[in-house]
Amino acid sequence: MTRTKRRSTRDSVVLIVLWTNYAAFTLPSSTNGTMEEESQDCVRVSDSSAEAMEELSITECRVVDQSLCITDPPMRSLENFEPEIYNHEGKGAYRFQCPSAGLFQCSITGLVFRMEGEGEVLYRTVHWDMRLLSQNGKRPAGPLFNIDCPQKSVCQLHLPHCQIHSDGGCDFLSVAHVTDDNVEFLPPHETTDTHVIINITGSSAYGDVTDDDAPISPIQGLLLLFYQPFLSEERSILNVLLLPRNVVIREVQEERKRRNGDKETFVETNPHCNLTPKKAYILSTDITDGYRISPTTAEFLDFQSYENYFPTFQLFLLTVVKEFDLLLKENGCTENQWERRVWLPAPVQVQPHGPVAPVPAASAEAHGPAVPIQLQAVPTLHQPAPQPAGPAQVQPHGPAAPTAVHPSVRED
C-alpha cells in the first residue's frame, strides 16, 4: 500500500489519498489551478485531475487540518451573555455589545453569534410570511430573527432548532434568508444536536424551516402553564400551551401578559417533553371532581406555534385546588409523554381599581390622628338663660361638635 500526501500553498490543509492499485500518483499543485478550496471545510479536485483519478480506487479523501484558516476569527470557548432588552414598536428587542472576536450565546433566545471582532448586534423576532413559505414547500421550524450589525462583524449564526438528531428530523432543515418580499433557502454549514449553523455576511432575517412534506418525527417540545384565578376563589383556569422547544419563552410570557394583563400567573415547572407534530394529545389529571378539561383531545401543530401562543388545553377548576398531578399522552398510547406535580399559586383578590391595601384596626384620618381641642368660655356681659337640650343632629361626617353662641356686646 502506497500513501501520497500533498500540501496546498497555504500549508495548512493536508489531502490524504489511499489507493489499491499500487501505482504512484501525485495530485497537481494548487498553483496551476488544478486544486482549489471549495469552502472552509472541504477541498475540491478540478476536472483536469478527475480523469487521472478514474484509475484509482479511492477509499478516503478528507480534510485533516484547517486550524490556520485565515478567514476564521480566533476561536474561543462559548461565552453566554445577557442581552439588553429595549422597546421596538411596542415589542421587546435585544441588544448585544460584543467586546471582541469569538462565540457568544444569548441567554434569552439561544442564538449564538460568531464574531470577527467587536460590534453592536441588534436582533428581534418578526412575523413569518406563511404564504411565501408555502409557495416554496416549506414551513417554519423556529422563530424568524431580524439581525442587524452596523459593523458587519457577525460572520456566522447558530439558530436553535428543536429536531431530534437521531430521528432524522435534521436532514430536512434549512435556513430561510428573508429580505423584503424575497426569500432564499440556505443549506446548513453544519447541524449540531441543538443548532443550525450558517455563514452570513449582511443584516436581514433568518429562521429555521423544514420541508412541508418531510416525514413526521418527534421534536423537543415544551408544556407551559399559565394560571388565571377569578374574584371568586372557587373558580379558576389553568391554560396549557404545547410549544416547540426553540420558542423564546420570555416572548411567550410577554404576549400572554399583553393579552391578559395581570390576570395570569406563569407556573414554574419542568416543561420539557417530546411531541410529535400533527398528532392528537389528551390531557388528564388526578383531580376526582369539580373540574373540566377542554378540549378532550387536541392536535399539536408546531409550525403555528411561533407567534400566536394560544392554549392547547384549558383546565377549568370549580373548587379550590392547591396541588394535583397533570398528565399528557398521545391519543391511543398508554405511556405518558409528560407527567408533573403542579402547585398552584395562592389566589389574590383583585379589586376593580387594584388590590386593597390592609387597613389598621384604629381609624386613620386623612392627615393623621385628630388633635383634641379644648373650647374656652368667652366672657360676655350678658349670659342668656340656658336652653333645654334638643335632639342631636347627625352630620354626614359624624356628630357636629357643640359650638357656644354669644350675643353681641352692647356699647354703653
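For the structure itself, look to the data block above.
Here we summarise the structure given alongside this text. (Residues numbered from 1 in each chain as written. Predicted model: local features only at pLDDT ≥ 70, side-chain atom pairs only at ≥ 80, totals over all residues. Heavy atoms only, no water.)

1. Regarding the overall build of the protein chain
Counting its regular elements, the protein chain contains three helices and 29 strands. Buried residues in the protein chain amount to 38% of all 412 residues. A fraction of 65% describes how many contacts in the protein chain between residues 6 or more apart in sequence connect residues 24 or more apart. Working note: accessible area of the protein chain is about 25,000 Å², and carbon and sulfur atoms make up 51% of it. (Helix = DSSP H or I, 4+ residues; strand = E, 2+ residues; numbered from the N terminus. Buried < 20%, exposed > 50% of the residue type's maximum accessible area, 1.4 Å probe, protein only. Contact = heavy atoms within 4.5 Å. Areas by Shrake-Rupley, 256 points an atom, 1.4 Å probe, with all protein chains shown as cover.)

2. Focus on the side chain of Glu-264
In this structure, Glu-264 sits in the loop between helix H3 (249-260) and strand E20 (265-267). Glu-264 sits in the buried class, given a relative accessible area of 12%. A distance of 2.5 Å separates polar atoms of two side chains, one belonging to Glu-264 and the other to Arg-256. At a separation of 3.5 Å, a polar atom in the side chain of Glu-264 contacts the side chain of Asn-260. Dropping the residues within four chain positions of it, Glu-264 is found in contact with Phe-226, Tyr-227, Gln-228, Asn-239 and Arg-256. (Polar contact = N/O pair within 3.5 Å; in protein donor to acceptor, adjacent residues only side chain to side chain.)

3. Description of the pairing of strand E13 (residues 173-179)
When you tally the buried positions in E13, you get six out of seven residues, the bulk of the element. As judged from the six bridges shared by E13 and strand E17 (residues 204-211), these two strands associate in the antiparallel manner. Across the sheet, Val-175 pairs through a bridge with Asp-208, a residue of E17. Here E13 runs beside strand E14 (residues 182-186); their pairing, made up of five bridges, is antiparallel. Bridge pairing in E14 places Val-175 opposite Leu-186. The antiparallel pairing of E13 with E14 creates a hairpin that spans two residues between the two strands, and Asp-180 there sits at a positive phi of about 55°. (Pairing = 2+ DSSP bridges.)

4. Some thoughts on the sheet that holds strand E11 (residues 138-148)
Taken in spatial order, the seven strands of this open sheet run E6-E7-E10-E11-E17-E13-E14, and their pairing is antiparallel. Unpaired on one side and paired on the other, strand E6 (84-88) and E14 mark the two borders of the sheet. Across this sheet, the average inter-strand angle for adjacent strands is 30°, counted without regard to direction. With five bridges joining them, strand E7 (residues 91-98) and strand E10 (residues 119-126) adopt antiparallel strand pairing. Each residue of the ladder has a partner; that of Cys-98, found in E10, is Gly-119. Relative to the sheet, H3 contacts E6, E7 and E10, its axis offset from that of E7 by approximately 150°. (Axes fitted to C-alpha atoms, helices over the stretch in contact; angles between N-to-C directions.)

5. Some details on the pairing of strand E19 (residues 236-244)
Burial analysis of E19 places nine of its nine residues in the buried class, which makes it a mostly covered element. Bridge analysis of strand E18 (residues 219-229) against E19 gives nine bridges, and the strand direction is antiparallel. Following the sheet pairing, Tyr-227 is matched in E19 by Leu-238. By the bridge criterion, five bridges tie E19 to strand E25 (residues 313-317) in an arrangement that is antiparallel.

6. Points about the environment of Val-320
By the secondary structure assignment, Val-320 is in the loop between E25 and strand E26 (323-330). Along the primary structure Val-320 and Ser-236 are separated by 84 residues, whereas in three dimensions their C-alpha atoms are 8.3 Å apart.

7. Looking at empty space enclosed by the protein
For the structure shown, the criterion picks out five cavities of 30 Å³ or more. Its boundaries defined by the atoms lining it, the largest cavity holds a volume of some 100 Å³. Looking at the largest cavity, the residues that line it are Arg-139, Gln-163, Gly-169, Phe-172, Thr-210, Ala-214, Pro-215, Ile-216, Ser-217, Ile-219, Pro-277 and Asp-302. For the lining of the largest cavity, the per-class residue count stands at six nonpolar, four polar and two charged. Here the second largest cavity defines a volume of roughly 60 Å³. Lining the second largest cavity are Ile-147, Asp-148, Cys-149, Lys-152, Val-154, Ile-200, Thr-201, Gly-202 and Ser-203. For the lining of the second largest cavity, a count of residues per class yields four nonpolar, three polar and two charged. (1 Å grid on protein atoms, 1.4 Å probe; cavity = no way out; pocket = protein on both sides within 12 Å on 5 of 7 lines; lining within 4 Å. Points joined across faces, edges and corners; volume = space filled by probe spheres on them. Nonpolar A, V, L, I, M, F, W, Y, C, P; charged D, E, K, R; others polar.)

8. So, the state of the cysteines
Overall, the coordinates contain zero disulfides when judged by the stated rule. Cys-98 provides the cysteine sulfur closest to Cys-149, a residue in no disulfide bond, and the two sulfurs are 8.2 Å apart. Taking relative accessible area as the criterion, Cys-149 reaches 4% and is therefore assigned buried. (Disulfide = S-S within 2.5 Å.)

9. Thoughts on unusual backbone geometry
Cis geometry marks the peptide bond from Ser-294 to Pro-295; its omega dihedral reads -5°. Mapped onto the elements of the fold, Pro-295 is located in the loop between strand E23 (291-294) and strand E24 (297-299). One non-glycine residue, Lys-152, adopts positive backbone phi at about 55°. Following the sequence through the fold, Lys-152 ends up in the loop between E11 and strand E12 (154-160).

10. Section: the nonpolar core
Soluble globular proteins tend to bury their nonpolar side chains together. Leu-225, Leu-238, Phe-313, Phe-324, Leu-326 and Leu-328 are the most contacted members of the largest nonpolar core, which totals 36 residues. Elements represented by at least two residues in this core include exactly E18, E19, strand E21 (272-275), strand E22 (280-285), E25, E26 and strand E27 (336-343). The greatest single-element share of this core, amounting to seven residues, is contributed by E18. Residue contacts for Leu-225: discarding those within four places in its chain leaves Leu-238, Asn-239, Val-240, Thr-265, Phe-266, Val-267, Thr-269, Leu-326, Trp-338 and Val-342. Phe-104, Val-121, Ile-147 and Val-248 belong to the second-largest nonpolar core, a separate cluster that totals 28 residues. (Core = buried A, V, L, I, M, F, W, Y, C linked by side-chain atoms within 4.5 Å.)

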